Amino acid sequence: MLVGLSAAVIGAALAQLGLFLIAAFFRLRTPFAFEWVEQYSTLHALSMARGWPVYGPPSLEATSTVYTPAMAYMILFGLKLGLPAMQIGRVISILSILLAQLSLYRLVRREGGTRTMGWLAIGLFLGSYVAANRVYDMARVDASAVGFFALGLTLVSGTRRR
């Protein structure tokens with residue numbers, strides 16, 4: 001019975017991962033912002049590409065955000081490679097969420113959880129996609145912050161003395 005339950009949990013988590021990747025794929029192709037916050041990182045990177053300061057005085061052309069410029073710098077790097085601006089931010093967000101999932105799985109396993117518990121953690125996180133207002137795959141700083149936080153937590157938890 002536990003084998004069947006374990007297979008059901010892993011299957012449900014894989015289904016959540018698949019649904020997220022399908023939604024991210026279709027949303028990735030849209031060149032327009034899905035919400036008003038999504039465009040800020042991209043506009044911040046575009047203003048930096050024009051040579052304006054990271055945190056300059058507000059003007060009609062550009063207004064800096066309250067967020068740290070890490071996402072804007074990553075988008076700026078992609079812009080210099082000639083990639084489309086809005087899609088760069090979304091790819092960064094998608095990769096960051098996948099990094100968070102990998103980190104979450106490794107953290108659960110390292111703390112003594114089974115494979116099923118690791119997949120359960122992934123499924124629960126990705127199952128909150130709708131509850132989190134579908135922002136995991138948007139060009140926002142939230143996803144990259146979650147990804148780097150999860151990676152840092154995983155790295156820090158691996159260095160403790162036993």
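You'll find the structure just up there.
As the structure is a computational prediction, the values presented were derived from the model and not from experiment.

**Student:** Report on helix α3 (residues 70-80), specifying residues and quantitative values.
**Tutor:** The set of residues buried in α3 consists of M71, A72, I75, L76 and G78. All buried residues of α3 lie within an arc of 160 degrees about the axis, which places them on one face of the element. Turned more than 90 degrees away from the buried face of α3, the exposed residues are F77 and K80. For α3, the elements touching its buried residues are α2 (38-49), α4 (85-110) and α6 (141-157).

**Student:** Please provide a residue-by-residue account of the pattern of salt bridges, values included.
**Tutor:** Tallying each qualifying case throughout the model produces four salt bridges. We note a salt bridge from R27 to D137, for which the minimum N-O separation is 3.1 Å. Within this pair, whereas R27 is found in helix α1 (residues 2-28), its partner D137 is found in the loop between α5 (115-127) and α6, the two being separated by 110 residues in sequence. Across the pair, D137 and R27 agree in class, each one buried. For R140, the salt bridge identified is with D142, shortest N-O distance 2.4 Å.

**Student:** Can you tell me about the layout of surface pockets, naming the residues and giving the values?
**Tutor:** The calculated volume of the largest pocket comes to roughly 270 Å³. Taken together, 17 residues line the largest pocket, and the ones lying closest to its centre are S47, E61, A62, T63 and S64. Taken together, the residues of the lining of the largest pocket sort by class into eight nonpolar, seven polar and two charged.

**Student:** I'd like a rundown of the packing of α3 against α4, residues and numbers included.
**Tutor:** For the pair α3 and α4, the least separation of the axes is 9 Å and the interaxial angle reads 125 degrees. With respect to their mutual orientation, α3 and α4 come out oblique. For the pair α3 and α4, the crossing hand works out as right-handed. On α4, the residues touching M71, M74, I75, G78 and L79 of α3 are A85, I88, G89, I92 and S93. Partitioning the contact of α3 with α4 into residue classes produces seven nonpolar, three polar and no charged.

**Student:** Lay out unusual backbone geometry in plain terms, naming residues and giving numbers.
**Tutor:** The backbone of N133 shows a phi angle near 65 degrees, a positive value even though the residue is not glycine. In this structure, N133 sits in the loop between α5 and α6. Taking the relative accessible area as the measure of exposure, N133 reaches 48% and is therefore partly exposed.

**Student:** Residues and numbers for a nonpolar patch on the surface, please.
**Tutor:** Taken together, the side chains of L19, I22, F25 and F26 make up a nonpolar region of the molecular surface, amounting to roughly 430 Å² of accessible area. Tracing the backbone through its elements, the reader meets F25 in helix α1.

**Student:** Give me the lowdown on the packing of aromatic side chains, citing residues and values where you can.
**Tutor:** Counted under the stated rule, the structure contains seven aromatic pairs. Both rings, one in F20 and one in Y129, keep their centres 5.7 Å apart while their planes meet at 80 degrees; by these two values the pair is edge-to-face. Of this pair, F20 sits in helix α1 while Y129 sits in the loop between α5 and α6; the two residues are 109 residues apart in sequence, bridging distant segments of the chain. Judged by relative accessible area, Y129 falls into the buried class, the value being 10%. Here the aromatic cluster, defined as three or more aromatic residues joined through ring pairs, consists of F20, F125, Y129 and Y136. The ring of F34 carries R27 above its face, with NZ or CZ at 4.4 Å from the centroid.

Calculation rules
Residues numbered from 1 in each chain as written. Predicted model: local features only at pLDDT ≥ 70, side-chain atom pairs only at ≥ 80, totals over all residues. Heavy atoms only, no water. Buried < 20%, exposed > 50% of the residue type's maximum accessible area, 1.4 Å probe, protein only. Helix = DSSP H or I, 4+ residues; strand = E, 2+ residues; numbered from the N terminus. Arc of directions from axis to C-beta. Contact = heavy atoms within 4.5 Å. Salt bridge = Lys/Arg side-chain N within 4 Å of Asp/Glu carboxyl O. 1 Å grid on protein atoms, 1.4 Å probe; cavity = no way out; pocket = protein on both sides within 12 Å on 5 of 7 lines; lining within 4 Å. Points joined across faces, edges and corners; volume = space filled by probe spheres on them. Nonpolar A, V, L, I, M, F, W, Y, C, P; charged D, E, K, R; others polar. Axes fitted to C-alpha atoms, helices over the stretch in contact; angles between N-to-C directions. Parallel < 35°, antiparallel > 145°, perpendicular 65-115°, else oblique. Left-handed = near helix turned anticlockwise from the far one by under 90°. Patch = residues over 30% accessible without salt bridge, like charges linked within 9 Å, V, L, I, M, F, W, Y side chains within 5 Å. Areas by Shrake-Rupley, 256 points an atom, 1.4 Å probe, with all protein chains shown as cover. Phe/Tyr/Trp six-rings, centres within 6.5 Å; stacked < 30°, edge-to-face > 60°. Lys NZ or Arg CZ within 6 Å of the ring centre and 35° of its normal.

Interpretation in functional terms is not warranted from these geometric data alone.
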